[in-house]
Amino acid sequence: MRKMTETDLAAAFAGESQAHMRYKIFAEKAREEGLPNIARLFEAISYAEQVHATNHLRALSGVNTTADNLGVAIGGENFEVDEMYPAYMAVAKLQDEKGAVLSMHYALEAEKIHASMYETARQSAVAKNDIALGTVQICSVCGYTVEGDAPDKCPICAATKDKFRSF
Ligand code: FE2
Ligand code: FE2
Ligand code: FE2
């Protein structure tokens, strides 16, 4: 692909991805405010933005075999753990931005777990095997991720068991 088009598609993928997430989050807020049809409108259009993002990523040849995709996922998680969040958090601490420090601390701690779960999956996928996987529990406050039963108290943010969502 020509370089300028590739850069443009990558920017469009980033923008559509953000719109997808922003509308999903806005939908939750509308539902909390007792506005279910506005929530549904946000959810529907959020999905349309997901379709746009998916098409852009495909056009960028960014969707490959699961073994390859897991390699990309591991690279992203490790970058966040090793470089991105430590550097961003250093700036946020220097600037005394407490909310930013907390949200990035939550992310950094969860990404460490994601990288290792993906690594186990990648080794299996390379051998063309699926993995054995119990219920995956996600803390809805901080994103802490664990396989099996949800803990009584989240080890990252201290949220209680009922705050976990299972997959
Ligand atoms: Fe869009
Ligand atoms: Fe992650
Ligand atoms: Fe948590």
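Our structure is the block above this text.
Attention here is on the structure that accompanies the text. (Residues numbered from 1 in each chain as written. Chains lettered and ligands numbered in written order. Predicted model: local features only at pLDDT ≥ 70, side-chain atom pairs only at ≥ 80, totals over all residues. Heavy atoms only, no water.)

## As for the overall build of the chain
Thinking step 1. When helices and strands are tallied, the chain shows 4 helices and 3 strands.
Thinking step 2. Ordering the α and β elements of the chain from the N terminus gives α-α-α-α-β-β-β.
Thinking step 3. In terms of overall dimensions, the chain has a C-alpha envelope of 50 × 45 × 40 Å along the principal axes.
Thinking step 4. Burial statistics for the chain: of 167 residues in total, 26% are counted as buried.
Thinking step 5. Within the chain, counting contacts between residues at least 6 apart in sequence, those at least 24 apart form 50% of the total.
Thinking step 6. Summed over all atoms, the accessible surface of the chain reaches about 11100 Å², with 57% contributed by carbon and sulfur.
Thinking step 7. Charge centroids of the chain, computed over 17 positive and 23 negative side chains, lie 3 Å from each other. (Helix = DSSP H or I, 4+ residues; strand = E, 2+ residues; numbered from the N terminus. Buried < 20%, exposed > 50% of the residue type's maximum accessible area, 1.4 Å probe, protein only. Contact = heavy atoms within 4.5 Å. Areas by Shrake-Rupley, 256 points an atom, 1.4 Å probe, with all protein chains shown as cover. Lys, Arg positive; Asp, Glu negative; His and termini not counted. Charge placed at Lys NZ, Arg CZ, Asp CG, Glu CD.)

## Overview of helix α2 (residues 36-59)
Thinking step 1. Compared with the 34 Å implied by 1.5 Å per residue over 24 residues, the 35 Å span of α2 between its first and last C-alpha is a close match.
Thinking step 2. Residues of α2 that are buried in the fold lie against α1 (3-32). (Expected span 1.5 Å × (residues − 1).)

## Some details on the coordination of the iron ion (ligand 3)
Thinking step 1. Here the iron ion (ligand 3) is held by the protein donor atoms Cys 139 (SG), Cys 142 (SG), Cys 154 (SG) and Cys 157 (SG), which lie 2.2 to 2.3 Å from it.
Thinking step 2. Relative to the metal, the 4 donor atoms surrounding the iron ion (ligand 3) lie at angles of 102 to 117°, and the coordination shape comes out tetrahedral.
Thinking step 3. Read in sequence order, the donor residues coordinating the iron ion (ligand 3) give the pattern C-x2-C-x11-C-x2-C. Of this pair, Cys 139 sits in strand β1 (residues 136-139) while Cys 154 sits in the loop between β2 (145-147) and β3 (164-166), and the two are 15 residues apart along the sequence.
Thinking step 4. Under the relative-accessibility criterion, Cys 154 is labelled buried at 4%. (Donors = N, O, S within 2.8 Å, 3.2 Å for Na, K, Ca; no water. Tetrahedral: all angles 85-135°; square planar, octahedral: opposite > 155°, others 65-115°.)

## Brief notes about the sheet that holds β2
Either a parallel or an antiparallel arrangement is found when strands of a sheet pair, and the pairing is made through backbone hydrogen bonds.
Thinking step 1. Taken in spatial order, the 3 strands line up as β2-β1-β3 in an open sheet, and their pairing is antiparallel. Single-partner strands in this sheet number two, and they are β2 and β3. Sheet twist, expressed as the average angle between the axes of neighbouring strands with direction ignored, equals 25°.
Thinking step 2. Bridging between β1 and β2 involves 3 bridges; their strand directions are antiparallel. Looking at the pairing, Val 136 lines up with Glu 147 of β2. (Pairing = 2+ DSSP bridges. Axes fitted to C-alpha atoms, helices over the stretch in contact; angles between N-to-C directions.)

## Focus: helix α4 (residues 98-126)
Thinking step 1. Over its 29 residues, α4 runs 42 Å from end to end, which matches the ideal 42 Å to within 8%, given 1.5 Å per residue.
Thinking step 2. Among the residues of α4, those classed as buried are Val 101, Met 104, Tyr 106, Ala 107, Leu 108, Ala 110, Glu 111, His 114, Ala 115, Ala 121, Ser 124 and Ala 125.
Thinking step 3. Two residues or fewer after α4 comes Lys 128, characterised by a positive phi angle close to 65°.

## Quick word on the pattern of salt bridges
Thinking step 1. Taken as a whole, this structure holds 8 salt bridges when the rule is applied.
Thinking step 2. Note that Asp 152 is salt-bridged to Lys 161, the shortest N-O span being 3.3 Å.
Thinking step 3. Among the residues examined, Lys 161 registers a relative accessible area of 41% and is labelled partly exposed. (Salt bridge = Lys/Arg side-chain N within 4 Å of Asp/Glu carboxyl O.)

## Considering the coordination of the iron ion (ligand 2)
Ideal values differ by geometry: the angle at a metal is 109.5 degrees with four tetrahedral donors, but 90 or 180 degrees with six octahedral donors.
Thinking step 1. Listed as protein donors to the iron ion (ligand 2) are Glu 77 (OE), Glu 77 (OE), Glu 111 (OE) and His 114 (ND1); their distances from the metal cover 1.9 to 2.5 Å.
Thinking step 2. Taken together, the 4 donor atoms surrounding the iron ion (ligand 2) define angles of 54 to 133° at the centre, an arrangement classified as irregular.
Thinking step 3. Sequence positions of the residues that donate to the iron ion (ligand 2) give the spacing E-x33-E-x2-H. With Glu 77 in helix α3 (residues 66-94) and Glu 111 in helix α4, this residue pair connects regions lying 34 residues apart in the sequence.

## Observations regarding the packing of α1 against α2
Thinking step 1. Orientation of α1 relative to α2, taken along the N-to-C sense of each, is 160°, at an axis distance of 8 Å. Here α1 is positioned roughly antiparallel relative to α2, judged by the angle of their axes. α2 is crossed by α1, and the crossing has left-handed handedness.
Thinking step 2. Taken together, the residues of the contact of α1 with α2 break down into 17 nonpolar, 6 polar and 6 charged. (Parallel < 35°, antiparallel > 145°, perpendicular 65-115°, else oblique. Left-handed = near helix turned anticlockwise from the far one by under 90°. Nonpolar A, V, L, I, M, F, W, Y, C, P; charged D, E, K, R; others polar.)

Shape is all these values report; function is a separate question.
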